[in-house]
Amino acid sequence: MLLDIVTYPDPRLKERCAPVAEITDEIRELAADMTETMYAAPGVGLAAPQVGRLVRMLVMDPGVQEGERAPRVLINPELEPMGEVITSEQEGCLSVPLSYRADVPRWSKVRLKATALDGTPIDEVLEGFPAVVVQHEVDHLDGTLFIDRVSRLRRTLYDSKVRKWLKRKTAG
Ligand code: GNR
Ligand code: NI
């Protein structure tokens, strides 16, 4: 089932999400719906708060442009920074309106610990675009958007554009 995507400045995007206590049928259904919603958007990742569910799980498929689909579900993911600080190129977010894009500081590599949907523990190192996407998604679980990581000036300019856009939208 396709889910509605929550957009900035919805307060649900600022919440710190709660861990998944148990992988239930409800969690499996949410994972399937989030995966369907991510591909339909289309996006390379989607975190549960983006569909209004404040739990620590995300789906991602950072290689989807290269053809074959390889969706992953990560439950209670934890990241350890590795490598050096890099700048992700033209990051975007399904929850950030007006197709806003910006370069964001990220770690070049991360150690990812999580649980897969079947309960299997995951412990691996990601780099390149998958590392950027997983950092973007785990940020969502902590109530952080990529626009929280851009300069004050860029953020102020963006916020004024959003305010104008919201005014027009609600005026009609
Ligand atoms: O679809 C998405 N593309 C993207 C591009 C660069 C860095 C991160 C991303 S994630 C984004 C989908 C999304 O909003 N996930 O939360
Ligand atoms: Ni996002």
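Computed from a prediction, not measured in an experiment: that's the story for all the values here.

A. Here's a closer look at the site of ligand 1. All residues adjacent to ligand 1 are G43, V44, G45, Q50, E91, G92, C93, L94, F129, H136, E137 and H140. Within the side chain of Q50, an N or O atom sits 2.7 Å from an oxygen atom of ligand 1. H140 places a side-chain nitrogen or oxygen 2.9 Å from an oxygen atom of ligand 1. For ligand 1, whose unbound accessible area comes to 390 Å², protein coverage reaches 89%. Counting residues per element, the shell around ligand 1 draws most heavily on helix α2 (residues 129-141), which supplies four residues. Split into classes, the residues belonging to the shell around ligand 1 amount to four nonpolar, six polar and two charged.

B. Inspection of the pairing of strand β4 (residues 102-115) at higher detail. Across eleven bridges, the pairing between strand β3 (residues 72-91) and β4 is antiparallel. Paired with M82 across the two strands is K109, which belongs to β4. Pairing analysis gives seven bridges linking β4 to strand β5 (residues 121-127), with the strands arranged antiparallel. When the bridges of β5 are listed, T115 appears paired with P121. From the end of β4 to the start of β5, which pair antiparallel, there are five residues, and G119 there has a positive phi angle of about 90 degrees.

C. Representation of the coordination of the nickel ion (ligand 2) in the model. With distances of 2.1 to 2.3 Å, the protein atoms coordinating the nickel ion (ligand 2) are C93 (SG), H136 (NE2) and H140 (NE2). In the primary sequence, the donor residues of the nickel ion (ligand 2) line up as C-x42-H-x3-H. In this pair, C93 sits in the loop between β3 and β4 while H140 sits in helix α2, placing the two residues 47 residues apart along the sequence. With relative accessibility at 10%, the residue C93 sits in the buried group. Classification of H140 by relative accessible area gives buried; the value is 1%.

D. Structural context of the state of the cysteines. Here the structure, examined in full by the defined rule, presents zero disulfides. Of all cysteine sulfurs in the structure, the one in C93 sits closest to C17, which takes part in no disulfide; the separation is 13 Å. Residue class for C17 comes out buried when judged on its relative accessible area of 5%.

E. Here's a closer look at helix α1 (residues 25-40). Taking 1.5 Å per residue, 16 residues should reach 22 Å; α1 reaches 23 Å between its end C-alpha atoms and fits that length. Listing the buried residues of α1 in full gives I27, L30, A31, D33, M34, T35, T37, M38 and Y39. On its buried face, α1 is in contact with β1 (45-47), β2 (57-60) and β3.

Cut-offs applied
- Residues numbered from 1 in each chain as written.
- Chains lettered and ligands numbered in written order.
- Predicted model: local features only at pLDDT ≥ 70, side-chain atom pairs only at ≥ 80, totals over all residues.
- Heavy atoms only, no water.
- Near = heavy atom within 4 Å.
- Polar contact = N/O pair within 3.5 Å; in protein donor to acceptor, adjacent residues only side chain to side chain.
- Areas by Shrake-Rupley, 256 points an atom, 1.4 Å probe, with all protein chains shown as cover.
- Helix = DSSP H or I, 4+ residues; strand = E, 2+ residues; numbered from the N terminus.
- Nonpolar A, V, L, I, M, F, W, Y, C, P; charged D, E, K, R; others polar.
- Pairing = 2+ DSSP bridges.
- Donors = N, O, S within 2.8 Å, 3.2 Å for Na, K, Ca; no water.
- Buried < 20%, exposed > 50% of the residue type's maximum accessible area, 1.4 Å probe, protein only.
- Disulfide = S-S within 2.5 Å.
- Expected span 1.5 Å × (residues − 1).
- Contact = heavy atoms within 4.5 Å.

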